[in-house]
Amino acid sequence: MAKELLTTPAGELKWAKLFDPDEPMEAGKSRAWSVDLVLSNDAPECLALMTKIEELMQTANGANAKLDKNAWPFKDEVDQNNQPTGRTVFRFKRNETSRKGNVLSPPVVVDSKRRAWPTDELIGNGSTGKVAYSFYGWDSPTVRGAKGLSLWLEMVQIIDFVPFQRASAEDAFEEEEGYEVEDVGSKTPFTDALREPAPTAPLTPSQRLQQRAAQVAAEQADGYEEEVPF
């Protein structure tokens, strides 16, 4: 199936893992980059995106396919009391390795002017952006004959940026009387353990385009990792 690149409307971005792939929940699964896009149920763009995904489901699995309980790559957003908030969460994911074990490139991230995003600027919840994606259908791992659809993360455009705020020792503890380590290099302990490695220089737009073209060709030959999205 030829890859079709699609783009979402602008929405709130949540739980963006766009630079360091997240560890899998199950042993043997690939690490993955991912991001959630949240839209209000009252917004016309939300209904339009749902309608598009319904079309993609038919394209991938047929008009009368039996669907798995986790077939759809979106769900109702709920609050801490598990009550609906009136918004819908759309899930996008990209595995680090393919079914054949080949290493895949990370998603491309750009700013509002389509310039490469610095990898040391982590995207916090509440940022606004768009997601470019492709799609694939999959067979249910539990129900024979049931199908589902996943949205394959390709690119993200950041329109309004909210920096990710990492918790510090000052946020968690008060100073106490007690043991002090020698030669402390900062005001509080744990700083070295929390410090991230120096970021590598971001690819130029030309390098990213070349990488993306090579990746598209590799994925078409290699296939996607079929996996239930939620």
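Note: the structure precedes this text.
What counts and what doesn't
Residues numbered from 1 in each chain as written. Predicted model: local features only at pLDDT ≥ 70, side-chain atom pairs only at ≥ 80, totals over all residues. Heavy atoms only, no water. Helix = DSSP H or I, 4+ residues; strand = E, 2+ residues; numbered from the N terminus. Contact = heavy atoms within 4.5 Å. Areas by Shrake-Rupley, 256 points an atom, 1.4 Å probe, with all protein chains shown as cover. Pairing = 2+ DSSP bridges. Core = buried A, V, L, I, M, F, W, Y, C linked by side-chain atoms within 4.5 Å. Buried < 20%, exposed > 50% of the residue type's maximum accessible area, 1.4 Å probe, protein only. Expected span 1.5 Å × (residues − 1). Arc of directions from axis to C-beta.

**Student:** I'd like a rundown of the overall build of the protein chain, residues and numbers included.
**Tutor:** A count of helical and extended segments in the protein chain gives four helices and eight strands. Going residue by residue from the N terminus, the α and β elements of the protein chain occur as β-β-β-α-β-β-β-β-β-α-α-α. Within the protein chain, counting contacts between residues at least 6 apart in sequence, those at least 24 apart form 74% of the total. On the protein chain, roughly 14,200 Å² of surface is accessible, and the fraction owed to carbon and sulfur atoms is 50%.

**Student:** Give a detailed account of the pairing of strand E2 (residues 11-22), specifying residues and quantitative values.
**Tutor:** Pairing analysis gives three bridges linking E2 to strand E7 (residues 127-139), with the strands arranged antiparallel. What sits directly across from Glu12, in E7, is Thr128.

**Student:** Can you explain the nonpolar core? Please cite residues and give values.
**Tutor:** One finds Leu18, Val35, Phe90 and Phe92 to be the most contacted residues of the largest nonpolar core, which totals 29 residues. When neighbours within four sequence positions are excluded, Val35 is seen to be in contact with Leu13, Lys14, Trp15, Ala16, Leu18, Phe90, Arg91, Phe92, Val131, Leu153 and Val156.

**Student:** Go over helix H1 (residues 44-61), please, and point to the residues and values.
**Tutor:** Over its 18 residues, H1 runs 26 Å from end to end, which matches the ideal 26 Å to within 8%, given 1.5 Å per residue. Here H1 has its buried residues at Cys46, Leu49, Ile53, Leu56, Met57 and Asn61. Considered in projection along H1, the buried side chains sweep an arc of 105° and stay on one side of the axis. Those residues of H1 that are exposed and angled more than 90 degrees off the buried face are Pro44, Leu47 and Thr59. Looking at the buried positions of H1, the neighbouring elements they touch are strand E1 (6-7), strand E3 (32-40), strand E4 (74-78), strand E5 (84-95), E7 and strand E8 (147-160).

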